[in-house]
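An overview of the molecular structure
Letter by letter, the chains look like this.
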Amino acid sequence: MIVTKSSKTILRALAGETLETPPVWMMRQAGRYLPEYMATRGQAGDFLSLCYNPDLATEVTLQPIRRYGFDAAILFADILLVPQALGADLWFVTGEGPRLSTITTMDEFNKLSPADDIHETLSPIYQTVHNLSSALPSETTLIGFAGAPWTVATYMIAGRGTPDQGPAHKLMQENTEVFDALIDRITKATILYLAEQIKAGAEVVKIFDSWAGSLSAEAFDRYCIAPHIEIVTALKAQFPDVQIIGFPRGADQKYIDYVDQVDVACVAVDTAVSSDWAAEKLQPKVCVQGNLDQTLLVPGGEKLISETKRVVEAFKNGPHIFNLGHGITPDASPDHVSQMLEAIRG
Ligand code: CP3
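The text that follows walks through the structure, step by step, so that each part is easy to find.

1. Quick notes on the site of the ligand
In the vicinity of the ligand, 22 residues are found, and the nearest of them are Tyr 37, Arg 41, Asp 78, Ser 210 and His 326. Within the side chain of His 326, one N or O atom sits 2.6 Å away from an oxygen atom of the ligand. Residues belonging to the shell around the ligand are distributed by class as follows: 15 nonpolar, three polar and four charged.

Structural data, given as structure tokens:
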């Protein structure tokens, strides 16, 4: 038997290997802090047109790889394309964020498309993944992604981002039937969407549950853990080799329940938990991705460098993928990203 060890550092970390230098990529690495991203977005016209243009979406995915040599590329798309593919109206208001048609009644829910109708809308995204799988350098891992059902539902119910996810909590309490039907529809669509990304060449998929932190302990089990289990189980049955990263952002102590119950290769952690806590409680069980405070990339300098080194040090005894606690912000400096990489790679 020939055992080939992948040359891709991200895949090695996901397989449980402790590497001397952790592989690194950043959430939102293709984004507004990069002048070349702004230029390509301008060429596309707007953000959504960029997402649905496979040539330009491939280009912006590759930009941070060319500039910095990150170990992973993440598909350029958005978690809100799935609601759109299910029939919701979606648009972005400049300087404010996403807007969607809302779902708060069974009548509104019943107007959504069946889960298996999503592919026509999303086929340009599969094309982008396909392009990337041949365009990337051989050492770079391709990560696909989707939003988790709870997080996607918070936008579909409120029709926009909300600081406390109030409208989604209200529907959960007052009309559980509609809420559960919506979670189930998104779960089914997400499985189909991620399966197509994997078929098109995604080697890893990440599930973003950006608003998991506002769920009560009981709701966390039912609306974060349970749908994640359903998605992971379905994908692994079809693609035994796929590696999955879960990101129940803000889960705090419940990160432990998450890794105990959801069969992910890696858990991404935000900055509300300390690196030392995550190394002690999570890293013996799974690879950990994280968790530099992304706000340090705005001022840069000594604090950025010392904090980067502290994160590397905290996770050095187990499988680790270096990343931020959340996405890089538009006001971060591209030079400070280089400072961070220099501190990691030496
Ligand atoms: O580089 C990458 O990380 C890949 C692409 C990516 C985007 N969005 C591009 C994007 C990914 C993985 C996402 C995920 C996403 N989208 C999440 C989960 C991760 C998280 O940030 O918590 C969420 C909640 C969304 C929904 C969304 N998309 C919002 C709320 C906004 C507006 C806020 C903002 O940052 O502007 C977006 C827009 C968005 N998605 C941009 C990008 C590059 C900025 C759009 C622009 O260019 O104007």
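Once the structure has been displayed, the description carries forward.
2. What about the pattern of salt bridges?
For the coordinates displayed, the defined rule picks out 16 salt bridges. A salt bridge links Arg 222 to Asp 180, with the shortest nitrogen-to-oxygen separation between them at 2.7 Å. Of this pair, Arg 222 sits in helix H11 (residues 217-238) while Asp 180 sits in helix H10 (residues 176-200), and the two are 42 residues apart along the sequence. Ionic pairing is found between Asp 260 and Lys 285, a salt bridge with its closest N-O pair at 2.9 Å. Of this pair, Asp 260 sits in helix H12 (residues 255-261) while Lys 285 sits in the loop between helix H13 (275-281) and strand S8 (287-292), placing them 25 residues apart in sequence. Look at Asp 260 and you get partly exposed, because its relative accessible area is 48%. Judged by its relative accessible area of 45%, Lys 285 falls in the partly exposed class. The network of salt bridges with shared partners includes Asp 184, Lys 188 and Glu 230.

3. Comments concerning the packing of aromatic side chains
For any two aromatic rings, the description comes down to two numbers: the centre-to-centre distance and the angle of the planes. Here the structure, examined in full by the defined rule, presents nine aromatic pairs. With a centroid separation of 5.6 Å and an interplanar angle of 85°, the aromatic rings of Phe 145 and Phe 208 are classed as edge-to-face. Pair noted here: Phe 145 is in strand S4 (residues 141-147) and Phe 208 is in strand S5 (residues 204-209), with a separation of 63 residues, a long-range link. Phe 208 carries the same exposure label as Phe 145, and that label is buried. Three or more aromatic residues link up through ring pairs in this structure, and these residues are Tyr 37, Phe 47, Phe 76 and Phe 92. Against the face of Phe 220 rests Lys 254, its NZ or CZ located 5.3 Å from the ring centre.

4. Overview of helix H15 (residues 334-345)
Between its terminal C-alpha atoms H15 stretches 17 Å, which fits the 16 Å expected from twelve residues at 1.5 Å a residue. When H15 is considered as a whole, its buried residues turn out to be Pro 334, His 336, Val 337, Met 340, Leu 341, Ala 343 and Ile 344. Turning to H15, the residues buried within the fold contact helix H2 (35-44), helix H4 (54-68), S8, helix H14 (302-314) and strand S9 (320-324). Where H15 starts, the residue carrying a side-chain oxygen 3.0 Å from the main-chain nitrogen of Asp 335 turns out to be Ser 333. One or two residues past the end of H15 sits Gly 346, with phi positive at roughly 70°.

5. Considerations on the environment of Tyr 52
Structurally, Tyr 52 is set in the loop between helix H3 (47-51) and H4. A sequence separation of 38 residues divides Tyr 52 from Leu 14, and the C-alpha atoms of the two residues are 30 Å apart. Leaving out residues up to four positions away in the same chain, Tyr 52 has contacts with Leu 81, Gln 84, Thr 121, Pro 124 and Ile 125. A distance of 2.5 Å separates a polar atom in the side chain of Tyr 52 from a polar atom in the side chain of Gln 84.

6. Digging into the state of the cysteines
On inspection of all chains with the given rule, the structure shows zero disulfides. The thiol of Cys 287 is unpaired, and the distance to the nearest cysteine sulfur, on Cys 266, comes to 3.9 Å. Among the residues examined, Cys 287 registers a relative accessible area of 2% and is labelled buried.

7. Examining the nonpolar core
Side chains of a nonpolar character, in soluble globular proteins, are inclined to be buried together. In this structure, Leu 14, Val 337 and Met 340 are the most contacted members of the largest nonpolar core, which totals 131 residues. Top contributing element to this core by residue count: H10, with twelve residues.

8. Considerations on the pairing of strand S6 (residues 243-248)
Within a regular strand, side chains alternate between the sheet's two faces. With respect to burial, S6 is a largely interior element, six of its six residues being buried. Both faces of S6 are covered, namely the face carrying Gln 243, Ile 245 and Phe 247 and the face carrying Ile 244, Gly 246 and Pro 248. In terms of strand pairing, S5 meets S6 through six bridges, oriented parallel. Following the sheet pairing, Val 205 is matched in S6 by Ile 244. In this fold, S5 hands off to H11, which returns the chain to S6; that crossover is right-handed.

9. Focus on the sheet that holds S4
The strand order across the open sheet formed by seven strands is S1-S4-S5-S6-S7-S8-S9, and the pairing between neighbours is parallel. Strands at the two margins of the open sheet, each flanked by one partner only, are strand S1 (72-74) and S9. Going across the sheet, the axis of each strand differs from the next one's by a mean of 25°, ignoring polarity. Of the strand pairs in this sheet, S8 and S9 are connected by five bridges, and their pairing is parallel. Each residue of the ladder has a partner; that of Val 288, found in S9, is His 320.

Basis of the calculations
- Residues numbered from 1 in each chain as written.
- Predicted model: local features only at pLDDT ≥ 70, side-chain atom pairs only at ≥ 80, totals over all residues.
- Heavy atoms only, no water.
- Near = heavy atom within 4 Å.
- Polar contact = N/O pair within 3.5 Å; in protein donor to acceptor, adjacent residues only side chain to side chain.
- Nonpolar A, V, L, I, M, F, W, Y, C, P; charged D, E, K, R; others polar.
- Salt bridge = Lys/Arg side-chain N within 4 Å of Asp/Glu carboxyl O.
- Helix = DSSP H or I, 4+ residues; strand = E, 2+ residues; numbered from the N terminus.
- Buried < 20%, exposed > 50% of the residue type's maximum accessible area, 1.4 Å probe, protein only.
- Phe/Tyr/Trp six-rings, centres within 6.5 Å; stacked < 30°, edge-to-face > 60°.
- Lys NZ or Arg CZ within 6 Å of the ring centre and 35° of its normal.
- Expected span 1.5 Å × (residues − 1).
- Contact = heavy atoms within 4.5 Å.
- Disulfide = S-S within 2.5 Å.
- Core = buried A, V, L, I, M, F, W, Y, C linked by side-chain atoms within 4.5 Å.
- Pairing = 2+ DSSP bridges.
- Right-handed = clockwise from strand over helix to strand, strands pointing away.
- Axes fitted to C-alpha atoms, helices over the stretch in contact; angles between N-to-C directions.

That is the geometry; function is a separate question.
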